[in-house]
Amino acid sequence: MSNSSPSRPLHVPQGPRESRRHTPKTNFKGIYRRALGQSFVKLDPRITVRNPVMFVVWVGTIVTFLVTVNPNLFGDIQADPTEQRVLNGSITVILFFTLLFANFAEAVAEGRGKAQADSLRATRSDTIAHKVLADGTIEEVNSTQLRRGDQVQVLAGSMIPADGEVIQGIGSVDESAITGESAPVLKQPGTDIASSVTGGTKLLSDELLIRVTSDPGQGFIDRMIALVEGAKRTKTPNEIALTVLLAVLTQVFLIVVATVPAIAQFIANFISTLFSQAAANNLQAGASVAVMISLLVALIPTTIGGLLSAIGIAGMDRVAQFNVIATSGRAVEACGDVNTMILDKTGTITFGNRLADEFIPVTDVSSQTLAQVCWLASVFDDTPEGRSIRALAEKLGGAVDLDLATAEGIEFSARTRMSGTNLANGQEIRKGSVEAIKGFVRSRGGQVPDQIDPAYERVSRLGGTPLAVCRDKDIYGIIYLKDIVKPGLRERFDQLRRMGIRTIMLTGDNRITASVIAQEAGVDDFIAEATPEDKISVIRSEQSQGKLVAMTGDGTNDAPALAQANVGVAMNSGTQAAKEAANMVDLDSDPTKLIDLVAIGKQLLITRGALTTFSIANDVAKYFAIIPTIFAAAGIGALNIMGLKSAESAIIAALIYNALVIPALIPLALRGVQFRPVSANQLLQRNILIYGVGGVVAPFIAIKAIDLILPFS
Amino acid sequence: MLQGWIQIAITITLFVAISPLFGGYMARVFQGQRTLLDPVLNPLEGVIFTLSGVRDRPEMNGWQYTRAVLYSNIAACILVGLILFNQALLPFNPTHLNSSAATWDTILHTLVSFVTNTDQQHYSGESTYTYFSQFAGLGLMFFISCATGIAVAIAFIRGLTGRPLGNFYVDLTQAITRILLPMSLVGGVVMLAAGMPETLAGPVVVPTLENPHISQAIALGPVAHFEIIKELGQNGGGFFGVNSAHPFENPNGFTNLLEIVSMVSISAGLIHTYGAMANNPKQAWYIFNMVLIIYIAFVVVAGINEYNGIPGINQLLGSSQPNLEGKEVRFGWAQSALFLTTTTGTMCGAANSAHDSVMPGSLFIALFNMFLQILWGGEGTGTAYLFAYVILAVFATGLMVGRTPEFLGRKIEQREVVLASLLLLLVHPIVILIPGAITLSFPEVAANVTVPGFYNGIFNPGFHGLSEVIYEYTSAAANNGSGLAGLGNSEPAPSALWWNLSCCVVLAIGRYVPIMALLLLADGMSRKQSVPMTSGTLRTDTKLFAGVAAGVILIVGALTFFPVLALGPVAEAFAVL
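Remember, predicted model here, so these are calculated numbers, not experimental data.

From N to C terminus, chain B includes 19 helices and four strands. In terms of overall dimensions, chain B is globule-like: its C-alpha atoms have a radius of gyration of 23 Å, near the 25 Å expected for 577 residues. Taking the principal axes of the C-alpha coordinates as reference, chain B spans close to 75 × 55 × 45 Å. Counting over 577 residues, chain B shows a buried share of 63%. Within chain B, contacts between residues at least 6 apart in sequence are counted, and of these 77% link residues at least 24 apart. A total of about 19,200 Å² of accessible surface is found on chain B, and carbon and sulfur atoms cover 68% of it. When the 21 basic and 29 acidic side-chain charges of chain B are each reduced to a single mean position, those positions are 19 Å apart.

Structure, rendered in structure tokens:
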């Protein structure tokens with residue numbers, strides 16, 4: 001894509017994103033009720049076994065249930081069997097609830113994803129499609145039966161049955177169902193962007209012939225539905241690494257706990273000879289199977305183990321709420337790792353519509369003559385720029401009475417970098433980049449006036465785009481196309497810089513204009529007079545240094561770059577090729593959203609890390625609660641620094657804490673840890689204080705409080 | 001008391017001051033830069049490399065390096081095994097030890113123990129092995145085992161910093177020729193001058209002072225050269241049974257100082273070697289200081305415990321006396337406590353006092369030291385462990401900055417987490433707690449000695465007995481080699497067979513599984529593309545991160561062994577109070 005194009009029909013919604021209507025509206029009602037049911041369904045061992053940490057709890061629950069029925073199942077325990085049953089029964093109940101809470105967390109996240117998916121699916125209702133067969137006859141088929149490559153005819157007032165490309169006809173389409181933009185969009189074949197249509201949108205006028213570009217269930221919306229529902233969710237690399245760590249920790253604690261009874265027995269033999277048989281019995285009871293399972297469950301990282309999948313699903317969900325379709329969880333995580341962001345100037349950094357602000361004469365022509373030439377050069381140009389030139393020209397009295405049928409419009413091309421009009425009398429009127437027009441004039445044997453360079457520089461210094469206009473071999477003047485940097489971007493780029501992300505602006509403009517805009521917007525670097533090839537070579541050179549690159553794009557010639565980038569976000573208004581090459585599609589077609597996606601990606605990783613740290617840090621307090629109380633007979637009661645009432649009370653309190661902390665953290669898992677755009681060190685400092693130090697301290701307080709409430713003596 | 005703390009402070013200051021020099025020198029050696037000894041060693045190494053066929057120094061990957069470690073170590077075992085099994089036929093046997101001086105299982109245990117740089121000794125040197133067995137057999141092991149450790153550390157550092165791992169045989173040779181041999185030569189002469197014997201003559205028989213009619217044989221031997229590499233290489237296997245408490249192995253305060261400094265120097269220096277090779281001396285200093293602070297804290301805890309002495313005895317005496325049971329008076333509480341903390345922290349395993357007699361608080365420190373293995377850790381492996389801990393800390397906390405965790409610009413992913421957590425979290429519980437629990441459950445196998453009225457089994461019952469069993473396996477697993485005694489682990493106790501064989505397994509797993517994991521970890525890291533540092537990257541060269549790493553190290557170390565520590569030294573401490 002070349003920004004030098006003065007005629008780029010990019011439609012960019014404007015105004016603060018917050019105020020934009022987000023459709024589809026998601027219905028969250030009844031999620032919790034359904035999640036409650038799902039919590040029980042997920043007790044199925046075939047489901048639980050997928051999560052090693054929770055599977056250990058599952059097995060533990062069964063075993064504690066067995067020793068509730070028969071406390072002496074695994075050898076005689078010298079303690080009152082009724083008391084044993086009460087203790088073991090309580091442990092069983094709490095473990096059962098621990099499982100339910102973990103299932104509930106996952107079910108709520110899935111439920112929210114499903115709700116999101118349902119509303120997406122609502123746009124996907126089956127319709128009757130008019131399939132055009134090879135012999136030209138039309139057959140009515142269900143939209144789900146359409147295959148890639150099929151051609152369908154869509155009539156005014158009906159739904160477009162599948163994602164596709166317009167191959168014939170012109171029509172306006174209401175895309176509000178997916179983008180929230182109420183203004184209809186004109187679709188026609190051949191044009192880069194306006195030819196792509198999305199299934200579920202509605203044709204308002206005329207009729208279109210469309211070639212289907214995706215099989216049913218393979219469209220973007222379908223992929224998104226599968227992702228937010230969690231059905232197709234594959235674990236991301238970070239999640240896999242974390243699962244490994246949690247599994248290893250679980251194995252470590254399995255070994256630790258499994259060896260405790262032998263140690264306790266050894267000590268008990270000593271205590272029985274030295275002190276009393278009662279003390280020895282006490283010690284043995286402290287190492288009973290139910291108590292050991294309690295210790296194990298308290299130590300293994302159930303908190304993060306129970307919330308891990310919920311965090312992942314919720315991350316995808318947050319992306320979906322942002323009206324962005326991600327094709328994989330990996331892409332969302334990669335957002336957090338982005339080092340370099342490549343942004344188009346037009347539409348991303350500045351408002352897309354550059355407007356003519358001034359005509360600057362470079363020869364001694366009257367301003368009216370200049371306005372007339374400008375008007376004539378733009379008479380076939382229907383882009384916002386072209387329209388604004390005509391409007392300014394008309395204001396300056398430049399309107400010319402012209403029979404359009406006698407004239408010929410010359411389309412803009414990236415090669416010639418100019419457009420214009422050929423009149424019936426043989427006059428060639430052109431407007432375009434200053435270099436291109438200079439070349440055009442010279443080729444016609446004309447002279448380039450000296451005043452053109454000062455004018456060109458003046459416009460460039462103002463950050464505007466200078467366009468030269470000429471008639472045959474004479475350059476008449478410069479059109480100043482004013483470009484306005486979007487407000488608030490500077491701050492956002494500052495934030496990105498603090499996060500360690502470098503921003504590179506790409507533009508087809510000349511160096512001076514580019515540097516002015518770059519400075520005004522506060523990007524780190526810019527590439528002027530960029531060609532589509534430049535974009536991909538910038539990405540490659542950044543990647544060769546090991547950097548992860550994010551970019552947005554919409555045109556077909558962006559597709560290779562979108563595919564090359566680690567995070568490629570295509571605009572929904574973009575072409576089908578761009579959308580397929582990208583790993584995310586922004587339904588609002590708002591390129592600045594890339595910045596928010598980075599925050600979401602980081603938030604996802606932070607949430608996972610914070611809860612892991614919290615979960616492991618909790619173990620310190622749990623150890624201090626359980627070990628000194630169950631082995632008080634060994635004389636280590638002084639380690640019971642919380643002053644818990646008894647072994648029973650300590651075990652139950654630790655387990656209740658362990659269970660309750662899961663639902664207590666569900667909101668945090670779903671919402672994500674608050675992310676601030678500050679440096680990594682500041683983030684670490686803050687989060688280690690809250691989740692690391694807090695994770696050590698909090699359970700001491702909570703377990704003590706639960707112990708005070710418990711009825712044990 | 002002040003004098004004791006001053007002795008401790010001087011020793012620590014000394015090695016803190018020389019470790020950057022050592023580290024810098026080692027970095028020069030292994031980066032192939034010019035060093036002072038080049039004129040002598042270049043031709044010598046040229047001959048060695050040509051003869052051994054590694055002249056082209058082919059680069060090795062992780063598996064190849066691991067295999068080379070194993071092959072060379074197995075070869076050393078076979079060679080030294082031939083010496084030990086046939087020592088009666090070999091020269092330098094003034095005490096005429098015959099082939100039954102050591103049983104096959106004791107020799108096997110000795111071989112595994114020495115080749116793994118552990119030097120756990122289920123025997124007394126003077127009555128089991130001939131001079132030749134000691135200086136030719138075990139002496140060879142001293143060099144090979146610690147050079148293996150250094151080579152692994154260097155390969156690990158190379159990998160972390162994105163370089164190929166190098167060639168094990170070249171690294172092994174250079175560790176010996178350029179680091180261990182020159183230092184041992186100088187150190188041996190100093191030891192000799194400080195009063196250690198170096199002789200091939202047999203024991204001296206002299207009448208005792210108390211009763212001139214009773215004579216006593218005083219064991220001698222080529223001790224001075226043996227002693228320096230014992231400490232420098234963190235081997236710790238004593239020439240005599242009582243190790244560095246023996247007046248010929250450690251005659252005075254000066255040799256004690258030299259021994260402590262020798263055992264720390266290379267491990268502490270390697271942190272600076274990392275700094276030089278990673279081109280980040282600042283980070284090396286932060287990590288060095290983190291280790292130093294924990295180390296000093298541990299020394300202080302042990303020192304206070306020993307200084308305060310045993311409450312019950314102090315009560316009887318009516319005054320406060322340090323705990324001097326099992327200590328050499330010439331060293332006192334301070335140098336004994338410092339030696340204890342250093343020898344268990346560095347995986348040296350030499351001892352200048354009876355570890356069995358230290359206060360429970362000091363025993364806690366000794367055990368915790370060996371659980372962590374990084375204060376300053378084993379020769380080479382300690383430094384590698386340290387950075388593996390750093391990687392684990394980066395992974396555990398690095399996600400909290402919102403990026404895939406990276407260390408030195410290289411992403412820490414599934415493979416790294418698998419290897420680091422296997423290495424740091426899983427190996428120890430498997431080889432310490434499982435054999436420990438088996439031994440505790442079947443005491444009749446462990447020791448068939450009945451102490452009337454007490455538990456039939458391990459010599460000491462209760463908390464201390466538990467500590468002894470755990471200490472034995474921890475010492476083996478961490479390749480430390482010191483022991484608590486109180487176990488029937490040496491001949492002629494019938495239970496020696498169980499201890500020898502079970503410790504062999506623990507020793508080998510505790511050494512080679514982590515080495516393999518370290519090398520594979522480094523290999524993987526070296527192949528990763530490094531990502532440039534930005535302000536969004538978690539910086540590992542800050543005070544904050546050093547603090548976080550310390551927290552992760554202490555918590556991870558404590559979590560695995562909390563129950564054992566609580567029922568062992570902690571319960572004993574409460575019982576002693």
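Further remarks concern the overall build of chain A. Scanning chain A from N- to C-terminus turns up 23 helices and 22 strands. Counting across all 713 residues of chain A, residues that qualify as buried make up 61%. Of the contacts made within chain A by residues no fewer than 6 positions apart, 71% connect residues no fewer than 24 positions apart. Accessible surface computed for chain A: about 26,800 Å², of which carbon and sulfur atoms make up 56%.

Okay, helix α8 (residues 277-286) of chain A next. It helps to recall that an α-helix has 3.6 residues per turn; residues three or four apart then point in one direction. Of the positions making up α8 of chain A, those classed as buried are A279, A280, N281, L283, A285 and G286 of chain A. Where α8 of chain A is buried, its residues meet α7 (237-274), α9 (289-299) and α21 (593-630) of chain A.

Listed per partner, the contact involves 60 residues of chain B and 66 residues of chain A. Taken over both partners, the interface formed by chain B and chain A buries close to 5,400 Å², and the fraction arising from carbon and sulfur atoms is 76%. Counting the surface chain B buries against chain A, the share from its top three residues, M400, L559 and F562 of chain B, is 14%. Applying the counting criterion to the chain B and chain A interface returns zero salt bridges. If you look at where chain B meets chain A, you find nine residue pairs in polar contact (both at pLDDT 80 or more).

Here the focus is the sheet that holds strand β6 (residues 185-187) of chain A. All names here are of chain A. What the three strands build is an open sheet, ordered β6-β5-β8; its pairing is antiparallel. Because the sheet does not close on itself, it has two edges, and the strands there are β6 and β8 (202-203). Pairing geometry for strand β5 (residues 171-174) and β8, over two bridges, is antiparallel. Residue pairing across strands places D174 opposite K202, the latter belonging to β8.

Moving on, we get to empty space enclosed by the protein. All names here are of chain B. Counted under the stated rule, the structure contains 11 cavities of 30 Å³ or more. Considered as a void within the structure, the largest cavity measures approximately 80 Å³ in volume. Looking at the lining of the largest cavity, the elements with two or more residues in it are α14 (381-398) and α18 (496-526). For the lining of the largest cavity, the class distribution of residues is five nonpolar, six polar and two charged.

A word on helix α11 (residues 329-337) of chain A. Judged by how many residues are buried, α11 of chain A sits mostly within the fold: eight of nine residues are covered. Of the positions making up α11 of chain A, those classed as buried are G329, A331, V332, E333, A334, C335, G336 and D337 of chain A.

Moving on to the side chain of K622 of chain A. All names here are of chain A. Among the structural elements, K622 can be located in helix α21. One buried charged side chain, K622, makes no salt bridge at all; its nearest oppositely charged neighbour is D619, positioned 4.1 Å away. Once you skip the residues sitting within four places of it in the chain, K622 turns out to touch A298, Y657, N658 and I703.

Turning our attention to the confidence of the model for chain A. Residue and element names in this part refer to chain A. Overall, the prediction assigns chain A a mean pLDDT of 83, with 90% of residues at 70 or greater. Ranking the elements of chain A by mean pLDDT puts helix α5 (residues 176-179) last with 63 and α9 first with 94. Confidence over residues 1-24 falls short of pLDDT 50; this stretch has 81 contacts with residues more than four positions distant or in other chains.

Glancing now at the pattern of salt bridges. Residues and elements named next belong to chain A. Following the criterion strictly, the structure yields 36 salt bridges over all chains and no others. Residue E110 is joined to K42 by a salt bridge in which the shortest nitrogen-to-oxygen separation is 3.1 Å. Residue E110 is located in helix α4 (residues 81-122), and its partner K42 is located in the loop between α1 (31-41) and α2 (45-48); the two are separated by 68 residues in the primary sequence. Here E110 falls in the buried class, since its relative accessible area comes to 15%. Given the relative accessible area of 7%, K42 is considered buried. Notably, a salt bridge pairs E333 with R608, separated by 2.6 Å at the nearest N-O pair. Here the residue E333 occupies a position in helix α11, and R608 occupies one in helix α21, the gap between them amounting to 275 residues. Accessibility classification places E333 together with R608 in one group, the buried group. Shared partners join several salt bridges into a network, and the residues in it are R502, D525, E542 and K547.

What follows is about the environment of K622 of chain A. The exposure class of K622 of chain A is buried, given its relative accessible area of 1%. Sequence separation between K622 of chain A and L295 of chain A is 327 residues, and the spatial gap between their C-alpha atoms is 8.2 Å.

The predicted coordinates should not be examined in detail at positions where pLDDT is low. Residues and elements named next belong to chain B. Looking at chain B, the pLDDT average stands at 90 and 97% of residues meet or exceed 70. Predicted confidence is poor over residues 447-457, with pLDDT under 50, and the contacts of this stretch with residues over four places away or in other chains come to 22 contacts. In the predicted complex, the global pTM is 0.85; the interface-specific ipTM is 0.92.

Quick notes on the rules
- Residues numbered from 1 in each chain as written.
- Chains lettered and ligands numbered in written order.
- Predicted model: local features only at pLDDT ≥ 70, side-chain atom pairs only at ≥ 80, totals over all residues.
- Heavy atoms only, no water.
- Helix = DSSP H or I, 4+ residues; strand = E, 2+ residues; numbered from the N terminus.
- Rg over C-alpha atoms; globule rule 2.2 N^0.38 Å.
- Buried < 20%, exposed > 50% of the residue type's maximum accessible area, 1.4 Å probe, protein only.
- Contact = heavy atoms within 4.5 Å.
- Areas by Shrake-Rupley, 256 points an atom, 1.4 Å probe, with all protein chains shown as cover.
- Lys, Arg positive; Asp, Glu negative; His and termini not counted.
- Charge placed at Lys NZ, Arg CZ, Asp CG, Glu CD.
- Buried area = accessible area lost by both parts, 1.4 Å probe.
- Salt bridge = Lys/Arg side-chain N within 4 Å of Asp/Glu carboxyl O.
- Polar contact = N/O pair within 3.5 Å; in protein donor to acceptor, adjacent residues only side chain to side chain.
- Pairing = 2+ DSSP bridges.
- 1 Å grid on protein atoms, 1.4 Å probe; cavity = no way out; pocket = protein on both sides within 12 Å on 5 of 7 lines; lining within 4 Å.
- Points joined across faces, edges and corners; volume = space filled by probe spheres on them.
- Nonpolar A, V, L, I, M, F, W, Y, C, P; charged D, E, K, R; others polar.
- pLDDT = per-residue confidence, 0-100.

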